[in-house]
Amino acid sequence: MVEAVLIDLFSLSPNLQNNIQGLLCNTLETIEKCSSIPAPFVYVMCRQREGSERNGDEESLLPALSDFQSLKKRLEVVHSLTTAAALYTIKQNLDEKDLSIIKVILPTLRKDLMKVYVDHLFTAVYQFEFEDLQVAPDGENLQIAEPRSEGQALPTQDVALIRSEIQMYLESLPSLKGELTILRSSLIPDNIFLHGFTTRTGGISYIPTLSSCNLFSSSKRRDPQVVVKENLRRLANAAGFNLETFHRVKIDHANAVCVLGKTEPDSYDGIVTNQKGVTIAAPGADCIPVLFADPVRKACGAAHSGWKGTLLGVSMATVNAMVSAYGCNVKDILVVLGPSVGPCCYKLPHESAKEFHRIDPTCVRQFDSASPYIDIRRATRILLESGGILPENIQDDSVTDQNQNITFCTACHPDRFFSHFRDGSNFGTQIGFISIKD
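Residues numbered from 1 in each chain as written. Predicted model: local features only at pLDDT ≥ 70, side-chain atom pairs only at ≥ 80, totals over all residues. Heavy atoms only, no water.

Peer 1: Would you mind going over the sheet that holds strand β8 (residues 193-198) with me for this structure?
Peer 2: Pairing is mixed in the open sheet, where five strands are placed in the order β7-β8-β19-β12-β9. Looking along the sheet, the strands with just one partner apiece sit at the ends: β7 (182-183) and β9 (246-248). Judged from the two bridges that link them, β7 and β8 form a sheet pairing that is antiparallel. Across the sheet, Ile-182 pairs through a bridge with Thr-198, a residue of β8. Sheet strands touched by helix α7 (residues 225-239): β7, β8, β9 and β19 (430-436). Its angle to β19, the strand with the most contacts, is close to 45°. (Pairing = 2+ DSSP bridges. Helix = DSSP H or I, 4+ residues; strand = E, 2+ residues; numbered from the N terminus. Contact = heavy atoms within 4.5 Å. Axes fitted to C-alpha atoms, helices over the stretch in contact; angles between N-to-C directions.)

Peer 1: Honestly, unusual backbone geometry in this entry has me stumped. Any pointers?
Peer 2: The amide bond that connects Ser-211 to the next residue, Ser-212, takes the cis arrangement and shows omega of 5°. Here Ser-212 shows up in the loop between β8 and α7. In the Ramachandran plot, His-253 falls in the positive-phi region, its phi being about 55° despite a non-glycine side chain. Turning to its location among the elements, His-253 is positioned in the loop between β9 and β10 (257-259). At Asp-286, a residue that is not glycine, the phi angle is positive and equals roughly 120°. For Asp-286, a relative accessible area of 6% puts it in the buried group. (Buried < 20%, exposed > 50% of the residue type's maximum accessible area, 1.4 Å probe, protein only.)

Peer 1: Quick question: what am I supposed to make of the sheet that holds strand β11 (residues 270-273) here?
Peer 2: Picture the strands of a sheet paired through backbone hydrogen bonds; they go either parallel or antiparallel. Taking strand neighbours across the sheet as the criterion, the six strands line up as β10-β11-β14-β13-β15-β18 in an open arrangement whose pairing is mixed. Because the sheet does not close on itself, it has two edges, and the strands there are β10 and β18 (394-395). The strands touched by helix α9 (residues 314-326) are β10, β11, β13 (288-294) and β14 (299-305); relative to β14, the strand with the most contacts, the crossing angle is about 160°. Running at roughly 30° to β13, helix α11 (residues 376-386) makes contact with β13, β14, β15 (334-337) and β18 of the sheet.

Peer 1: Honestly, empty space enclosed by the protein in this entry has me stumped. Any pointers?
Peer 2: If you walk through the whole model with that rule in mind, you get two cavities of 30 Å³ or more. One number sums up the size of the largest cavity: a volume of about 40 Å³. Lining the largest cavity are Thr-310, Gly-313, Val-314, Ser-315, Met-316, Thr-380, Leu-383 and Leu-384. When grouped by side-chain class, the residues that make up the lining of the largest cavity number four nonpolar, four polar and no charged. (1 Å grid on protein atoms, 1.4 Å probe; cavity = no way out; pocket = protein on both sides within 12 Å on 5 of 7 lines; lining within 4 Å. Points joined across faces, edges and corners; volume = space filled by probe spheres on them. Nonpolar A, V, L, I, M, F, W, Y, C, P; charged D, E, K, R; others polar.)

Peer 1: What should I look at first to understand the side chain of His-195 in this one?
Peer 2: Looking at the secondary structure, you find His-195 in strand β8. Within the structure, the side chain of His-195 is placed 2.8 Å from the backbone nitrogen of Ser-185, a separation counted as a polar contact. Discounting residues that sit within four places of it in the chain, His-195 has contacts with Ile-182, Arg-184, Ser-185, Ile-188, Leu-291, Phe-433 and Ile-434. (Polar contact = N/O pair within 3.5 Å; in protein donor to acceptor, adjacent residues only side chain to side chain.)

Peer 1: Is there a simple way to explain helix α6 (residues 156-172) in this structure?
Peer 2: Every α-helix carries 3.6 residues per turn, so stepping three or four residues along brings you back to the same face. Compared with the 24 Å implied by 1.5 Å per residue over 17 residues, the 25 Å span of α6 between its first and last C-alpha is a close match. Residues of α6 that are buried: Val-159, Ile-162, Ile-166, Tyr-169 and Leu-170. Viewed along the axis of α6, the buried residues span an arc of 100°, placing them on a single side of the element. The outward face of α6, more than 90 degrees from its buried face, is lined by the exposed residues Thr-156, Gln-157, Leu-161, Met-168 and Ser-172. (Expected span 1.5 Å × (residues − 1). Arc of directions from axis to C-beta.)

Peer 1: Please explain the layout of surface pockets as it appears in this structure.
Peer 2: Empty space among the atoms becomes visible once a probe the size of a water molecule is rolled across them. Estimated volume of the largest pocket: approximately 620 Å³. Within the residue set of the lining of the largest pocket, elements represented by two or more residues are β12 (279-284), α8 (307-311) and α12 (420-423). Looking at which element gives the most residues to the lining of the largest pocket, the answer is α8, with three residues. Split into classes, the residues belonging to the lining of the largest pocket amount to 11 nonpolar, 10 polar and four charged.

Peer 1: Please clarify how the packing of helix α4 (residues 83-96) against helix α5 (residues 111-121) should be interpreted in this entry.
Peer 2: Helices that pack against each other are described as a pair by the angle of their axes relative to one another and the distance between those axes. Where α4 meets α5, the closest approach of the two axes is 11 Å, and the angle between their N-to-C directions is 50°. In terms of orientation, α4 and α5 fall into the oblique class. The two elements α4 and α5 meet at a crossing, and its hand is right-handed. Here Thr-83, Ala-84, Leu-87, Tyr-88 and Lys-91 of α4 lie close against α5, whose contacting residues are Met-114, Tyr-117, Val-118 and Leu-121. Tallied by class, residues from the contact of α4 with α5 come to seven nonpolar, one polar and one charged. (Parallel < 35°, antiparallel > 145°, perpendicular 65-115°, else oblique. Left-handed = near helix turned anticlockwise from the far one by under 90°.)

What follows is the structure, given as structure tokens:
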């Protein structure tokens, strides 16, 4: 069932937009007759003319809506200078109402363009269907035609212009939830390495569980890749790294490690490099983003360590990759565990908890319960120390000076961090990043 209807009048001439209520009547009548109860929300997308009053056309519509009792309280006219701005505004309305099934009624020549905008600004969470809007030359008639057959793909230059328009609009948006904040460890020497762990502030993601500096997009979430890229661009500017040489792990919740410059695995949870100016990163939203730095050999690494990766030894696998690829000495490697879910909040089924109990009984609290509390940070430390990392070269939640602490519990701090455990499936993501300075 269609939950929202988008009527795209953006490309119509000023003359036709001045007569917008006449253009809409037949379309609104068709929607009202064909829709079930409740009627869908209707968004009319119009070009805002320079110097015009934004609400002028909307107010002129109200008398004409008297015959559309089920729609008039669910209709909104959106005026913007660009298609990207109008469509993003409508997306915010859809997300606020948790709507996902959208019918787009638009002039035939706009269909291929609109599909490019939709592909960039929406994810697979949404379902779109398109109907052609036929406008007579004199603008007096408006009717919905059957969907036409798919045409040829847009020219590359047109797609590039749309991408540029979207990017410029997103760059113009204000940051949400305060300034962008980066946590840094005093253990990693800042004269050799650039590094940090992000928090949730300073980005443009507006959906509550993703707001605001979400740094991961997927087909199951409402934050599109273009928004994540804009958040990442702002992070790169604030931190001082080059986005052109940014590499993030391809999560598999296992222990494979990518040595940058060699054949890249299809998926991996660890990554290492000795190339200057290359930034590597690992995400976390309860899972631990772990950073590694060898100031002697000038090499670094990043790993994503969830409960599965922890049990599989992804952190020591990353250390071993640095030793093998760059001749690092285990005793020179510094390891910092970033914000992640703590043993105060994180539970696993008893069968999984047994695996952590085998590493060390202190990694499990309330072991006899059906869902014991798990300390994946402590398990990570024990495995690292067993592999030869010096205890004093590991920074985690054992830090007693809270001014130096960066291994906060993500679930306990909703104002500062994203958390899958706390927020559910539509959660946001932090990252830990590191590079060797030029």
